[in-house]
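# Secondary and tertiary structure notes
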Amino acid sequence: MTQIKSSDNRFNNISMREKWIHFLNGEDVGSMVSPLCDDWSLDIPYYWPYDEPDPFPPGSRHHRISQQMAMAGICDWDPTFLDAVPFQLRNTDIIPKTKREKIDGKTRAESRIQTPYGDLISITEHSISQHTVKPWLDSKEDYKKAIWLTRQQMDYDEDISIEDGKIIRKGMGDRGVLGTWFGPPIVNFQNREEIFYHMFDWPELFQELHEVTTELAFKKLETLSKVGFDYLFYCVSGTEWISPDFFRKYIMDNTRKTIKFWKDQGGFTLWHSCGHMKIFINEGFYNELKPEILETLSIPPVGDLPSLEWARKKLSPDIITKGNIPLNILLQGTEEEVRTEVRKVKEETKGYRHIIGLSDDLLHNTPMNNCLAFVDEAR
């Protein structure tokens, strides 16, 4: 059980999941510190720090969740766990077949999906970050393939998906809150570098793909609501990729429906934008849509905000903010530099409901001592 420092004795000796529930209900549970972490990222080998057996040991298809739980146990932060439910397709021929090879120190991955209109292909290269060599969609024919594929993806075994999600839920227990990735349907398969050209080059195909991906997304949302996830990790690009007009036309309405549906199921939305958010904050998009939590609110070079304090003053007090310690500081800085950054975030968010977090996902091989300093200073 978690020992929580709070002005209210009711919150002593409660679980981490209970702490989150009380916090989301507006109660004072003490400081909250929760970096975005979706796998093992420390500079030491993986180990399980709890007394009870590891529910998803190395080799398990859900080992990623055990890695996140282990990180939280070692570093003592308030975890938001993340995993995806594999929607069991009835037509297994449409599952991407991926071939990987090493090229100049990078891993090149070619994924291929067979369709009646030819193969749909994506090629990416991975090192520290990921680079797209060939996006899924870069021709008119690719849109036809993607529309056909999306319709095929609607035929999945819901019972298997729900059962698989409940396995994750049971293994996680009360160590934190469990979420899954979600986002605006318009981003499915999209080629972000050329999406605006595609809108004008092939408007009918573009609109048709948007409609079928929306239908698929809301069908999956219904399934996810039956699994027992606590939150949606809702990923939306900022103005580094999309314009306010594009947001209004293709994202606003679906997002409003998604957040409302999930809230009606008793869950919450953690909105993740790790890029340029300034214009969207000024336009009032977040205040209108009201996700429970919003991250990462970063200044240059990661984001484009004048400061975290500026953003916090613009946003509704009802929205909990999260962020925004630079990843390079945690990865390469000294413990004192880490503490200085945490103090800066605390100062800029004083008087508001804020979770000490990062500018994005924790980088691999981050020093454990820096993580411990990060949490200690946040507490």
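Quick look at the structure, then. (Residues numbered from 1 in each chain as written. Predicted model: local features only at pLDDT ≥ 70, side-chain atom pairs only at ≥ 80, totals over all residues. Heavy atoms only, no water.)

### Considerations on the pattern of salt bridges
What the rule picks out here adds up to 31 salt bridges. Of the charged contacts in the structure, one is a salt bridge between E52 and R175, with a shortest N-O distance of 2.3 Å. Highlighted residues: E52 in the loop between helix 1 (16–24) and helix 2 (63–75) and R175 in the loop between helix 4 (158–172) and strand 8 (177–182), separated in sequence by 123 residues. Two residues, D142 and K134, come together in a salt bridge whose shortest N-O distance is 3.3 Å. Residue K134 is classed as buried on the basis of its relative accessible area, which comes to 18%. What emerges from the salt-bridge pattern is a single network uniting E336, R339, R343, D376 and E377. (Salt bridge = Lys/Arg side-chain N within 4 Å of Asp/Glu carboxyl O. Helix = DSSP H or I, 4+ residues; strand = E, 2+ residues; numbered from the N terminus. Buried < 20%, exposed > 50% of the residue type's maximum accessible area, 1.4 Å probe, protein only.)

### Notes on the pairing of strand 12 (residues 320–325)
The side chains of a regular strand alternate, residue by residue, between the two faces of the sheet. The element strand 12 is largely enclosed, with a buried count of 6 among its 6 residues. Pairing of strand 11 (residues 293–296) with strand 12, which is carried by 3 bridges, proceeds in the parallel orientation. Bridging across to strand 12, L294 finds its partner in T321. A crossover connection joins strand 11 to the parallel strand 12 through helix 10 (residues 308–314); in handedness this β-α-β unit is right-handed. Across 5 bridges, strand 12 lies against strand 13 (residues 354–358) in parallel orientation. Following the sheet pairing, T321 is matched in strand 13 by H354. (Pairing = 2+ DSSP bridges. Right-handed = clockwise from strand over helix to strand, strands pointing away.)

### Topic: the nonpolar core
One broad trend across soluble globular proteins is that nonpolar side chains are buried collectively. Ranked by internal contacts, the top residues of the largest apolar core, which has 89 residues, are W77, F246, F247, W271, Y286, L297 and F374. Excluding its chain neighbours within four sequence positions, the residues that come into contact with F247 are V236, I242, M252, W271, F280, F285 and L289. (Core = buried A, V, L, I, M, F, W, Y, C linked by side-chain atoms within 4.5 Å. Contact = heavy atoms within 4.5 Å.)

### Description of the packing of helix 3 (residues 140–153) against helix 6 (residues 203–225)
As a packed pair, helix 3 and helix 6 sit with axes 9 Å apart at the nearest point and diverge in direction by 20°. Our classification of the angle between helix 3 and helix 6 gives roughly parallel. With respect to the hand of their crossing, helix 3 and helix 6 are arranged in left-handed fashion. Between helix 3 and helix 6, the contacting residues are K140, Y143, K144, A146, I147, T150, R151 and Q153 on the first element and L205, F206, E208, L209, V212, T213 and L216 on the second. Here the contact of helix 3 with helix 6 is composed, by residue class, of 8 nonpolar, 3 polar and 4 charged. (Axes fitted to C-alpha atoms, helices over the stretch in contact; angles between N-to-C directions. Parallel < 35°, antiparallel > 145°, perpendicular 65-115°, else oblique. Left-handed = near helix turned anticlockwise from the far one by under 90°. Nonpolar A, V, L, I, M, F, W, Y, C, P; charged D, E, K, R; others polar.)

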